[in-house]
Amino acid sequence: MSGLREECGVFGVYSPTPYDVAHMTYYGLFALQHRGQESCGIVVNDDGIFRSYKDTGLVNDVFTPQNLDTLGCGNMAVGHVRYGTTGGNERSNAQPILVNHIKGRMALAHNGNLVNSYELRTQLELQGSIFHTTSDTEVISYIITKERLTAPSIEEAVNRAVDKLDGAFSLVIMSPQKLIAVRDPHGFRPLCYGKTPDGRWVVASESCALSSVGAELIRDLDPGEILVFDKEGPRSIRNHCGTAEKSLCVFEYIYFARPDSVIDGCTVHAARIRAGVYLALEHPVQADVVIGVPDSGIDAAIGYAKQSGIPYEVGFIKNKYIGRTFINPGQASREDKVRIKLNPIVDVVRGKRVVMIDDSIVRGTTSARTVRLLREAGATEVHMRVSAPPFVSPCYYGVDIDSKENLIACNYTLEEIAKKIGVDSLGYLSIDNARKMACGGEGKGFCTACFGGEYPTAIPKATDKNRFERKLSQREKKE
């Protein structure tokens, strides 16, 4: 896997009584660390008093015991881990965003990417709004705040704001008295909620974060659903449910989510096993051993081995102290980390015909390096099978694929790609089976735009990740 970056993870907790929600949120964010490693933050609500801390870096580095202690106890908290698909990696873009306005305070955490953020921000700026970040999350906070000025409640303001937002947005919002969870009408990004045995409500991007704080998964939010938690318990607002075709990002199952998470009723681990089964049916080969590239290639490798009858073995040892290769901006940095990230187990591959399963190929540089490791360890043949279709189109919903120029599948044939990365044969999962692996059925309700170019929404006019960051024009310099 190389070149892909996901967006964010969100977490929220509502406690009927004062509790150490800061530490609870810390554990939840730790479980969601795989979703974003650039920055993180927590806002605690103590009876209307908001205390916040956020910075660039990993959860364990940012939230020292001293920093967590400054947040103290409260009855609500919102947390966030970020990889930015809009805006740079600065502390100012770390979330949650905290807003002070005439109707009260609000904290907001966002997972996704708006396709109309440029238009909305332009309108707001022309009306006098002043932005302090370069992320589309601040646009969402402004829209909600603007609606709150005339809405009778924060949930009605959120309800009105959803009408103006287009694209992917799973939100956790905190007001002085309420915690609100929102999933966009397409359901691009996952969002679920659960409850602890002692009565605390928890919202998170993935169910693995619920488990980390002892909460039992109740269900996923439906696309378009707004869920409000207050002293009366949870209540659902469903005005936007069923207003758009469901389009959950299929790559959540292929790569982004943790294998122990359950998304929309489907276990990620089981989905990846099915992907391997489908791969074996689509692309059989004579070989001696099947291995998976850690981490997300392992489950698919097990599925391939079960279906093909070729023995599965652990072929790579991963240095667990090295973060995900794709998360480090800059190709040179990625390649440096690939060199020390994986080590093949020589006894498993030496003198063997090897089937190597990975979750995707983006640029091909990481795949080529991984194949060389197997050749150097003595593999006689290397047959690569990929548990995703080829990337041929940009993603506008939160996966950092914003240009075709670096996508290897857009520039080379299958045979040319195989030659470039040094494999004896290459096979990708089909788009139809990518959809089916995610739910084990008809394969409906998924976004596969990055594999086939069929977008569920209009394509945004401004697509540059740093579209809100620019140098001054000559005219502006003179003013």
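Keep in mind that this is a model prediction, so the values were computed, not measured.

Glancing now at the overall build of the protein chain. When its secondary structure is counted, the protein chain shows 18 helices and 23 strands. When contacts within the protein chain are restricted to residue pairs at least 6 apart in sequence, long-range pairs at least 24 apart make up 69% of them. Working note: accessible area of the protein chain is about 18800 Å², and carbon and sulfur atoms make up 50% of it.

A few words now on the environment of Gly-242. With respect to the element layout, Gly-242 can be found in the loop between β13 (233-237) and β14 (248-249). With 56 residues separating them in the primary sequence, Gly-242 and His-186 have C-alpha atoms 8.6 Å apart.

Moving on to the environment of Asp-55. Here Asp-55 lies in strand β3 (residues 49-56). On a C-alpha basis, the gap between Asp-55 and Gly-41 in space is 6.5 Å, while along the polypeptide they are 14 residues apart. Contact partners of Asp-55, with chain neighbours within four places excluded, come to Ser-39, Cys-40, Val-62, Arg-91 and Ala-94. For Asp-55, the side chain forms a polar contact with the side chain of Arg-91, separated by 3.4 Å.

Time to look at the packing of helix α9 (residues 268-282) against helix α16 (residues 431-439). Put simply, α9 and α16 touch, their axes get as near as 7 Å, and they point 145° apart. Regarding α9 and α16, the two cross each other, and that crossing is right-handed. From α9, Ala-271, Arg-272, Arg-274, Ala-275, Tyr-278 and Glu-282 reach across to α16, where they touch Asn-433, Lys-436, Met-437, Ala-438 and Cys-439.

Turning next to the sheet that holds β3. Ordered by their spatial adjacency, 7 strands build an open sheet running β3-β2-β4-β1-β10-β9-β11, and the pairing between neighbours is antiparallel. Either end of the sheet is taken by a strand with one partner, and the two such strands are β3 and β11 (216-220). Averaged over all pairs of adjacent strands, the angle between strand axes in this sheet comes to 15°, irrespective of strand direction. The pairing of strand β1 (residues 8-19) with strand β10 (residues 201-204) spans 4 bridges and is classified as antiparallel. Across the sheet, the residue bridging to Val-13 is Val-202, located in β10.

Below, the discussion takes up the nonpolar core. If you look at soluble globular proteins, the nonpolar side chains tend to sit buried side by side. Phe-251, Tyr-253, Tyr-304, Tyr-397 and Met-437 are the most contacted members of the largest nonpolar core, which has 49 residues in total. Counting residues per element, the ones that place at least two in this core are β14, α8 (251-256), α9, α10 (297-308), β20 (353-358), α16, β23 (446-447) and α17 (449-452). Top contributing element to this core by residue count: α9, with 6 residues.

Cut-off values and rules
- Residues numbered from 1 in each chain as written.
- Predicted model: local features only at pLDDT ≥ 70, side-chain atom pairs only at ≥ 80, totals over all residues.
- Heavy atoms only, no water.
- Helix = DSSP H or I, 4+ residues; strand = E, 2+ residues; numbered from the N terminus.
- Contact = heavy atoms within 4.5 Å.
- Areas by Shrake-Rupley, 256 points an atom, 1.4 Å probe, with all protein chains shown as cover.
- Polar contact = N/O pair within 3.5 Å; in protein donor to acceptor, adjacent residues only side chain to side chain.
- Axes fitted to C-alpha atoms, helices over the stretch in contact; angles between N-to-C directions.
- Left-handed = near helix turned anticlockwise from the far one by under 90°.
- Pairing = 2+ DSSP bridges.
- Core = buried A, V, L, I, M, F, W, Y, C linked by side-chain atoms within 4.5 Å.
- Buried < 20%, exposed > 50% of the residue type's maximum accessible area, 1.4 Å probe, protein only.

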